[in-house]
Amino acid sequence: MLDARISLLRRFAAHGLPRADDGPPEEVRDEDWPIVIDQLGGERLTGIAVAAARDGRLLLTELQARTLLDRHRESMLVALALERRLLEVADAFAHEGIDLVVLKGPAMAHTFYPDPSWRNFGDLDLLVPTNRWERALRVVQEAGFTRDTPEPRPGFDVRFGKAATHTDARGLVLDLHRTLAEAPFGMWLEPDRLFERTRTFTLGGVELRRLDDTAAFLHACVHASLGSRQLLLPLRDVGQIATSGSVDWDVAARLVDRWRLRAVVRHSTETLASKLGVELPAPAQAIARGPVSKGELRALEAFATSRRDSGGEAMAAIWGLPGVRPKAAYVRALVFPQRRFLDARGQRSYASRWLIPLRWMSTKGRS
């Protein structure tokens, strides 16, 4: 029955995409519904499930339909609260003259999906330029957010970091980004050049910036393959942008080469096809089929296999950093972080930090 529920979730996730609605409408047995509704909530797929029910692809009992609507209403209340906070934070950034790009979440919902209610999200992801990072952190804190975990050592964020997670008094979460992925991919992406690839969208009568469709597609691939949680919704985003957005595939191909993302694009598109049964347009498939360097494959392995939980990300970053001094600075920050960093992570000693390379080696060759 577990396989049947997984298949059902994957079909929900693919609803509305080309070639994804073949077959008869789905029904859910009453005894399976409590697990299915919890999984839909955990995967943030309630909006797409509501659309599938409305379109006659998901047949629900009256009780099931009411439960689904209640769960989706809860997620939409969170999304609306986050959007209100986004407008407040965006105004504060504009007042400080700091460029801001909205990633994922509201930008996806209000741009690529048939209706914003299809695309659930549970936090905000905002990209700022590296040279305004410290000021941006203060703006976020002045807006009522508290950083969850300090940087390992002063200056680590600007040199090596991806993002800093913040939470406000209501429990709303904001991730302030300097780049789109952990090192080495985050460095290869040339984060400050992302500001050259933006467009605007409107939220509550306010114009905000987002990544243009081409950069948004690549970011969706990055999130689907390198994200800390391998959910179905990021895969859906890849298919949604590729089939409904205006991606310039020639530009995408050049950026994939420049930013060393072919292994990521291949992994995300192959996973999309295998899990959701969705094949991307021919130009996207052509990009994925191109040659991949050993370095990219090695870096991807650190994120997409069991090595991720055994220090793989750290070792990939060390390998990808150019020069001895940056590598040494990175290792020093991770192995000898400031005390506040250890306390925030619930670590009592430095011993656990020193075991990272050993954990990496113990998983070598495993997937």
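Residues numbered from 1 in each chain as written. Predicted model: local features only at pLDDT ≥ 70, side-chain atom pairs only at ≥ 80, totals over all residues. Heavy atoms only, no water.

A.B. asks: Just to check I follow, could you spell out the overall build of the protein chain for this structure?
C.D. replies: If you tally the helices and strands in the protein chain, you get 19 helices and 9 strands. Of all 367 residues assigned to the protein chain, the portion counted as buried reaches 51%. Sequence separation of at least 24 residues holds for 70% of the intrachain contacts in the protein chain that already meet a minimum separation of 6. Summed over its atoms, the accessible surface of the protein chain is roughly 16800 Å², and 51% of this surface lies on carbon and sulfur atoms. (Helix = DSSP H or I, 4+ residues; strand = E, 2+ residues; numbered from the N terminus. Buried < 20%, exposed > 50% of the residue type's maximum accessible area, 1.4 Å probe, protein only. Contact = heavy atoms within 4.5 Å. Areas by Shrake-Rupley, 256 points an atom, 1.4 Å probe, with all protein chains shown as cover.)

A.B. asks: Looking at this structure, I do not really get the nonpolar core. What am I missing?
C.D. replies: Nonpolar side chains in soluble globular proteins tend to be buried together. Judged by nonpolar contacts, the single largest core of 72 residues is most densely connected at Leu-40, Phe-185 and Phe-217. In terms of residue count, the dominant contributor to this core is helix α9 (residues 213–226) (9 residues). Discounting residues that sit within four places of it in the chain, Leu-40 has contacts with Leu-9, Phe-12, Leu-45, Thr-46, Ala-49 and Leu-68. Counting residues in each nonpolar core, the second largest holds 30 residues, with Leu-86, Trp-133, Ala-136 and Leu-208 among its members. (Core = buried A, V, L, I, M, F, W, Y, C linked by side-chain atoms within 4.5 Å.)

A.B. asks: Quick question: what am I supposed to make of the pattern of salt bridges here?
C.D. replies: Here the idea is simple: oppositely charged side chains can pair when their charged atoms come close. Under the counting rule described, the total for this entry stands at 21 salt bridges. Ionic pairing is found between Asp-32 and Arg-29, a salt bridge with its closest N-O pair at 3.1 Å. Residue class for Arg-29 comes out partly exposed when judged on its relative accessible area of 44%. Salt bridges sharing partners connect three or more residues here, namely Arg-29, Glu-31 and Asp-32. (Salt bridge = Lys/Arg side-chain N within 4 Å of Asp/Glu carboxyl O.)

A.B. asks: I tried to follow helix α6 (residues 133–142) on my own but got confused; where do I start?
C.D. replies: Residues spaced three or four apart along an α-helix face the same direction, because each turn holds 3.6 residues. Taken residue by residue, α6 has Trp-133, Arg-135, Ala-136, Leu-137, Val-139 and Val-140 as its buried positions. Among the structural elements, α4 (62–96), β5 (145–147), α7 (156–160), β6 (163–168) and β7 (173–177) are those in contact with the buried residues of α6. Positive phi appears at Gly-144, one or two residues downstream of α6, with a value of about 105°.

A.B. asks: Teacher, can you tell me more about the packing of aromatic side chains here?
C.D. replies: What describes a pair of aromatic rings is the distance from one ring centre to the other and the angle between the planes of the rings. Under the counting rule described, the total for this entry stands at 6 aromatic pairs. Ring centres of Phe-217 and Trp-249 lie 5.0 Å apart, and the angle between their planes is 80°; on these two criteria the pair is classed as edge-to-face. With Phe-217 in helix α9 and Trp-249 in helix α11 (residues 249–259), the pair connects residues that are 32 residues apart, well separated along the chain. The pair formed by Phe-217 and Trp-249 is uniform in burial state, with each residue classed as buried. Through successive ring pairs, a cluster of aromatic residues spans Phe-156, Phe-160 and Tyr-330. (Phe/Tyr/Trp six-rings, centres within 6.5 Å; stacked < 30°, edge-to-face > 60°.)

A.B. asks: Honestly, the side chain of Arg-85 in this entry has me stumped. Any pointers?
C.D. replies: Tracing the sequence through the fold places Arg-85 in helix α4. Looking at Arg-85, its side chain comes within polar contact range of the side chain of Glu-88, at 2.7 Å. Not counting residues within four places of it along the chain, the set of residues in contact with Arg-85 comprises Leu-124, Ala-143, Gly-144, Phe-145, Asp-168 and Leu-172. (Polar contact = N/O pair within 3.5 Å; in protein donor to acceptor, adjacent residues only side chain to side chain.)

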